[in-house]
Amino acid sequence: MIKYIIKRLLQLIPVMFLISIIIFSIIVLTPGEPIGANMDPRATAEQKQAERERLGLNDPIHVRYGIWITNVLQLDFGKSTIYNKPVEEVIVPYIINSLKLNVFVFLFTYLLAIPLGIYVAVHKDGLFDRFVTVTSYVGVSFPTFFVGLVLIFLFSIKLDWTPVSGMVTAGAHYEGVKSFMDVLHHMFLPALTLIIVSLPRYIRYVRMNMLNSINQDYVRTARAKGLSERKVIYSHAFRNSLISIVTLLGFEIPLLFSGAAVLETVFNWPGIGRIMLDSVFNRDYNLMMATLVFFALLTLIGNLFADICYAVVDPRIKVD
């Protein structure tokens, strides 16, 4: 298994190299440039040309990519034109903030979705199954930002239970447990929004795979042998359903981060998705490259994680 992981990690290097070329080319060929973000609006054409020369924007695209990848290999991701400091100093705190939100949502959603999905599969066409079916259709019908705005109206404006936006209380400077509870208080609404939107969909996915497993011959055989229903469901049907569930799990890791970009903007949550949008709107090439490469790397790691989980849940799958 360790040899397989090392082999897959080494395979990521040329893939990431190719992805970085594609992303860099698309960004550079897109109309617009970062000139003007940090310049005096009254700057003359000569001053703008000098700034363009300083940033290397007049160089051919392959030269610009060569300079960028050489610097990245030395852990220098360039300077952000929005924040006027090195990209690595900008991006790391935002990644940590997104992790705080998305890890909580990811764990809570799966811990709820798996037992509830099994329950509605075992009790197919029951009252709760029909309720989940209706709510899943409702959940996918409304965009995430709309659900977030509705929750802000209910919990923050009408009931005054939660903050409208942000990650910490402005000017409070809490420490220790108070700081942790303050972040949880601010996290409640964006986390609840993501859970409301994604939970019914996950339950339906687990339900569908459980129903496929329950109708297989090996499950009928297990029941014919006199095994208890609990053992049939959890030891036979659910274990085989796990193969499909871990596939979804691997793909959902990057989607959680990229999909929360709009939500982070709605709740003013200082996450990686929000600064990615800021970098796009302000043509901050270095910051845009760093965030997009981060999402690409996250996707590859998610696929690797899913492959490793395959081998864990299904001994028939061999890795070498």
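This section reports on the structure supplied with the text. For every chain, the first residue of the written sequence is number 1, and numbering continues from 1 onward in sequence order. For this predicted model, a pLDDT threshold of at least 70 governs which residues receive local features, and a threshold of 80 or more governs which side-chain atom pairs are given and counted, while totals over whole chains, interfaces and linings are taken from all residues. Hydrogens and waters are ignored; side-chain quantities use all the structure's heavy atoms.

Two numbers describe a pair of aromatic rings. These are the distance of the centres and the angle of the planes. The rule is short: rings of Phe, Tyr and Trp, with Trp giving its six-membered ring, pair when the centres are within 6.5 Å, and they are stacked under 30 degrees, edge-to-face over 60, tilted in between. Throughout the structure, instances matching the rule amount to 13 aromatic pairs. Ring plane angle 65 degrees and centroid distance 6.2 Å describe the contact between F17 and Y65, whose orientation is recorded as edge-to-face. Pair noted here: F17 is in helix 1 (residues 2-29) and Y65 is in helix 3 (residues 61-73), with a separation of 48 residues, a long-range link. Here Y110 and Y202 contribute two aromatic rings whose centre-to-centre distance is 5.2 Å and whose plane-to-plane angle is 35 degrees, an arrangement assigned as tilted. Residue Y110 is located in helix 4 (residues 87-122), and its partner Y202 is located in helix 7 (residues 176-214); the two are separated by 92 residues in the primary sequence. The residues Y110 and Y202 share a single accessibility class, namely buried. An aromatic cluster is defined as three or more aromatic residues linked by ring pairs; in this entry it consists of F17, F24, Y65 and W68. Numbering of helices and strands starts at the N terminus; helices are DSSP runs of H or I of at least 4 residues and strands are runs of E of at least 2. Burial classes follow relative accessibility: with a 1.4 Å probe on protein chains only, a residue under 20% of its type's maximum area counts as buried, one over 50% as exposed, and anything between as partly exposed.

This part covers the environment of W68. Tracing the backbone through its elements, the reader meets W68 in helix 3. Taking the C-alpha atoms as reference points, W68 and G139, 71 residues apart in sequence, are found 42 Å from one another. The contact criterion used is simple: two residues touch if any of their non-hydrogen atoms lie within 4.5 Å. Sequence-distant contacts of W68, that is, excluding residues within four places in its chain, are made with S20, F24, N286, M289 and V293.

Before going further, it helps to spend a moment on the side chain of E264. Take E264: it is sitting in helix 10 (residues 261-266). In this charge count, Lys and Arg are treated as positive and Asp and Glu as negative; neither His nor the chain ends contribute. Salt bridges are defined by distance alone: a side-chain nitrogen of Lys or Arg within 4 Å of a carboxyl oxygen of Asp or Glu. Despite its burial, E264 remains without a salt bridge, the nearest opposite charge being carried by R274 at 6.7 Å. A distance of 2.9 Å separates a polar atom in the side chain of E264 from the backbone nitrogen of G273. Excluding anything up to four places from it in sequence, E264 contacts S98, N102, W269, G271, I272, G273 and R274. The term polar contact refers here to a pair of N or O atoms within 3.5 Å; inside protein, the definition further demands a hydrogen-donor-capable atom paired with an acceptor-capable atom, and it admits residues adjacent in sequence only when both atoms are side-chain atoms.

Note on geometry: axes are C-alpha line fits, over the in-contact stretch for helices, and angles between N-to-C directions span 0 to 180 degrees. Running from N to C, helix 4 and helix 5 (residues 127-141) cross one another at 120 degrees; their axes reach a closest spacing of 8 Å. On the basis of their axis angle, the class for helix 4 and helix 5 is oblique. As for how helix 4 packs across helix 5, the hand of that crossing is left-handed. Of the residues in helix 5, those touching helix 4 at L116, Y119 and V120 are F128, D129 and V132. Comment on the angle field: the value is read as roughly parallel under 35 degrees, roughly antiparallel over 145, roughly perpendicular from 65 to 115, and oblique elsewhere. Helix crossings are classified by the rotation of the near helix relative to the far one: an anticlockwise turn of less than a right angle makes the crossing left-handed, while a clockwise turn makes it right-handed.

Here we come to a nonpolar patch on the surface. Residues enter patches when their relative accessible area tops 30% and they take part in no salt bridge; the joining distance is 9 Å for like charges and 5 Å for the nonpolar side chains Val, Leu, Ile, Met, Phe, Trp and Tyr. Here, Shrake-Rupley sampling with a 1.4 Å probe gives the accessible areas, and only protein chains in the shown set may cover a residue. Taken together, V134, V138, F142, F145, F146, L149, V150, F153, L154, I157 and V262 make up a surface patch of nonpolar side chains, about 940 Å² in accessible area. Those elements that place two or more of their residues in the nonpolar patch are helix 5 and helix 6 (144-158). If you tally residues by element for the nonpolar patch, the top one is helix 6, at 7 residues. Within the secondary structure layout, V150 lies in helix 6.

This next bit is on the packing of helix 4 against helix 7. Put simply, helix 4 and helix 7 touch, their axes get as near as 7 Å, and they point 35 degrees apart. The element helix 4 and its partner helix 7 pack so that their crossing is right-handed. Amino acids are sorted into nonpolar (Ala, Val, Leu, Ile, Met, Phe, Trp, Tyr, Cys and Pro), charged (Asp, Glu, Lys and Arg) and polar (every other residue, Gly among them). Tallied by class, residues from the contact of helix 4 with helix 7 come to 24 nonpolar, 4 polar and 2 charged.

It is worth spelling out unusual backbone geometry at this point. Its identity as a non-glycine residue notwithstanding, N84 has a phi of 55 degrees, on the positive side. For N84, the position within the fold is in the loop between strand 1 (79-80) and strand 2 (85-86). Its identity is not glycine, yet R283 carries a phi of approximately 50 degrees, on the positive side. When you line up the elements, R283 lands in the loop between helix 11 (272-281) and helix 12 (285-313).

Counted according to the given criterion, the structure contains 3 salt bridges. The residue R220 makes a salt bridge to D217 at a minimum N-O spacing of 2.6 Å. Pair noted here: R220 and D217 are both in helix 8 (residues 217-224), with a separation of 3 residues, about one helical turn. Classification of D217 by relative accessible area gives exposed; the value is 55%.

Now for the environment of T193. Looking at the secondary structure, you find T193 in helix 7. T193 sits in the buried class, given a relative accessible area of 0%. With 46 residues separating them along the chain, T193 and V147 place their C-alpha atoms 6.2 Å apart. Setting aside residues up to four positions removed in sequence, T193 forms contacts with T144, V147, G148, L151, L263 and F267.

Under the 1.5 Å per step criterion, the end-to-end length of helix 3 is 18 Å for 13 residues, consistent within 8% with the ideal 18 Å. For helix 3, the set of buried residues is R64, Y65, W68, I69 and V72. Looking down the long axis of helix 3, one finds its buried residues gathered within 125 degrees of arc, a one-sided arrangement. Facing away from the buried side of helix 3 by over 90 degrees, the exposed positions are H62 and L73. Looking at the buried side of helix 3, the elements it contacts are helix 1 and helix 12. A helix is expected to span 1.5 Å for every residue after the first. Here the arc refers to the set of directions running from the helix axis out to each C-beta atom.

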